[in-house]
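As a plain string of letters, each chain reads:
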Amino acid sequence: MAAPNTLADATVPDVVAPPDRRDRRSPAAGRVVGYAVLALAAAGLLLPFFWMVSSSLKTDNAVFAIPVRWFPDSPQWSNYLEIWRVSDLVVWLKNTVFLSFVVTVLQLFTGSFAAYGFAKARFPGRDLLFLLYIGTIAVPWQAYMIPQFIMMSEVGLTNTLWSIVALQAFGAFGVFLMRQYYATIPDELCEAARVDGLSEYGIYFRIMLPLSVPALAGLALLTFVTTWNDYLGPLIYLRDPDLWTIQLGLKSFVSEYNAEHALIMTGSVLSVLPIAVVFLLGQRYFVQGIATSGMKG
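Reading the values: rules and limits
Throughout this document, residue positions are counted from 1 along each chain, in the order its sequence is written. Confidence filtering applies because this is a predicted model: local features only for residues at pLDDT of at least 70, side-chain atom pairs given and counted only at 80 or more, and all residues used for totals across whole chains, interfaces and linings. The side-chain figures draw on all heavy atoms in the structure; neither hydrogens nor water molecules are used. Runs of E in the DSSP output that reach at least two residues are strands. Runs of H or I that reach at least four are helices, and both are numbered from the N terminus. Buried, partly exposed and exposed residues are distinguished by accessible area as a fraction of the type maximum, computed with a 1.4 Å probe on protein chains only: under 20%, between the cut-offs, and over 50%, respectively. The criterion used for residue contact is that any of the two residues' heavy atoms lie within 4.5 Å. Here the open area of atoms and residues is found with the Shrake-Rupley method and a 1.4 Å probe, where only the protein chains shown may cover a residue. Ring pairs are drawn from Phe, Tyr and Trp, using the six-membered ring of Trp, whenever the two centres fall within 6.5 Å, and their geometry is named by plane angle: stacked under 30 degrees, edge-to-face over 60, tilted for the rest. The criterion is that NZ of a Lys, or CZ of an Arg, lies within 6 Å of the ring centre and within 35 degrees of the ring normal, and then a charge sits over that ring. A 1.4 Å probe that fits into a set of points on a 1 Å grid over the protein atoms alone but cannot get out defines a cavity; an open set with protein on both sides within 12 Å along at least five of seven lines defines a pocket, and lining residues are those with an atom within 4 Å of a point. Grid points are joined across faces, edges and corners, and a volume is the space filled by probe spheres set on the points. We define a salt bridge as a contact between a side-chain nitrogen of Lys or Arg and a carboxyl oxygen of Asp or Glu at a distance within 4 Å. Residue polarity is assigned by list, with Asp, Glu, Lys and Arg as charged and Ala, Val, Leu, Ile, Met, Phe, Trp, Tyr, Cys and Pro as nonpolar; anything else, Gly included, falls into the polar class.

Draft legend 1. Structural view of the overall build of the protein chain. Across its full length, the protein chain holds 15 helices and zero strands. Relative to its 297 residues, the protein chain shows a buried fraction of 36%. Considering only contacts within the protein chain whose residues lie at least 6 apart along the sequence, 72% involve residues at least 24 apart. Here the protein chain has roughly 18,300 Å² of accessible surface; of this, 69% comes from carbon and sulfur atoms.

Below is the structure:
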């Protein structure tokens, strides 16, 4: 009997071809191109803000000089002291901060509380009522602006800061955002809490709110920015100059000092700076809350 040919019978391993270098380069090249496009888009968006900051440090004649001077020859830091002297910027900022803070706190409470009822409570007509309430987002404010003003006048809230608070303390968008986030929380968690004897208020305060910090942060950021930048509402309801917000104050300042371009840019920088700081501090929670609010529901 012939001995087996071990060399012939041995299994020859398959030869794996080395990966094509072009396959390895293509993802890296695409990533570089993507980053380059994003960098150009970011530069285009930030260019007006850079010009605004640069102009706030120039003299009036140098703001609109031709050709454009992107950097001031000698920074005029005194503009940031002069703006406080010639305007009521302290009053405007105080009113704006008050409105933004109060409206944000109230919208966080009302939005999250109503969203808990729409997401976890069971009652007849819940889904229909939610659709009707969310449908109000599609109705423009101009459609009911006059009846709303008449109602505020009858209750004596016009020309007060509380008129803006009453108008913006409730928002359908906040309810929608929080309801979508609550839908991602398992119902079994609430059922277990009910079995243990926890009331609906206890479930809301002790379970739902601690678990919804990202969504609350996102809603807080959106509400704060919207209230801070609101112009039409204060224009209609706040007639006393002592009640003006930063947007109304800057408009009046532009009308009065229309030739003081550097000071106008200085006031614009000071009005944008708080929003930029708030957004930079809360952007991580904002992105997380927005991203997770649409995962279910």
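Draft legend 2. Representation of the environment of His261. Turning to its location among the elements, His261 is positioned in helix α15 (residues 261-292). With relative accessibility at 26%, the residue His261 sits in the partly exposed group.

Draft legend 3. The packing of aromatic side chains, seen in detail. Scanning the model with the defined rule gives eleven aromatic pairs in all. For the pair Phe109 and Phe113, a centre-to-centre distance of 5.6 Å together with 20° between the ring planes defines the contact as stacked. With Phe109 and Phe113 both in helix α5 (residues 89-120) and four residues apart, this pair spans about one turn of that helix. For Phe113, a relative accessible area of 32% corresponds to the partly exposed category. Look at Phe113 and Tyr201: their rings are 6.1 Å apart centre to centre, the planes differ by 20°, and that puts the pair in the stacked class. With Phe113 in helix α5 and Tyr201 in helix α11 (residues 200-211), this residue pair connects regions lying 88 residues apart in the sequence. The ring of Phe130 is capped by Arg179, whose NZ or CZ atom sits 4.7 Å from the centre of that ring.

Draft legend 4. Focus on the layout of surface pockets. By volume, the largest pocket is sized at about 830 Å³. If you go around the largest pocket, you meet 26 residues; those closest to its centre are Tyr144, Leu167, Gln168, Phe170 and Gly171. Sorting the residues of the lining of the largest pocket by element identifies α7 (141-154), α8 (161-168), α9 (172-182), α12 (213-229) and α13 (232-237) as the ones contributing at least two each. Top element by residues in the lining of the largest pocket is α12. It accounts for five residues.

Draft legend 5. Just α8, in detail. A large share of α8 lies buried, amounting to six of its eight residues. Residues Leu161, Ser163, Ile164, Val165, Leu167 and Gln168 constitute the buried set of α8. Contact partners of the buried residues in α8: α5, α7, α12 and α13.

Draft legend 6. Spatial organisation of the pattern of salt bridges. This structure, assessed with the given rule, holds six salt bridges. Here Arg126 makes a salt bridge to Asp127, at a shortest N to O gap of 3.4 Å. Several salt bridges share partner residues, and in doing so they unite Arg122, Glu191, Arg194 and Glu200 into one network.

Draft legend 7. Expanded view of empty space enclosed by the protein. Evaluation of the coordinates by the stated rule reveals one cavity of 30 Å³ or more. Here the largest cavity is characterised by a volume of approximately 40 Å³. Looking at the largest cavity, the residues that line it are Leu99, Ile164, Gln168, Thr227, Trp228, Asp230, Pro234 and Thr245. Elements represented by at least two residues in the lining of the largest cavity include exactly α8 and α12. Each residue belonging to the lining of the largest cavity can be placed in one class, and the counts come to four nonpolar, three polar and one charged.

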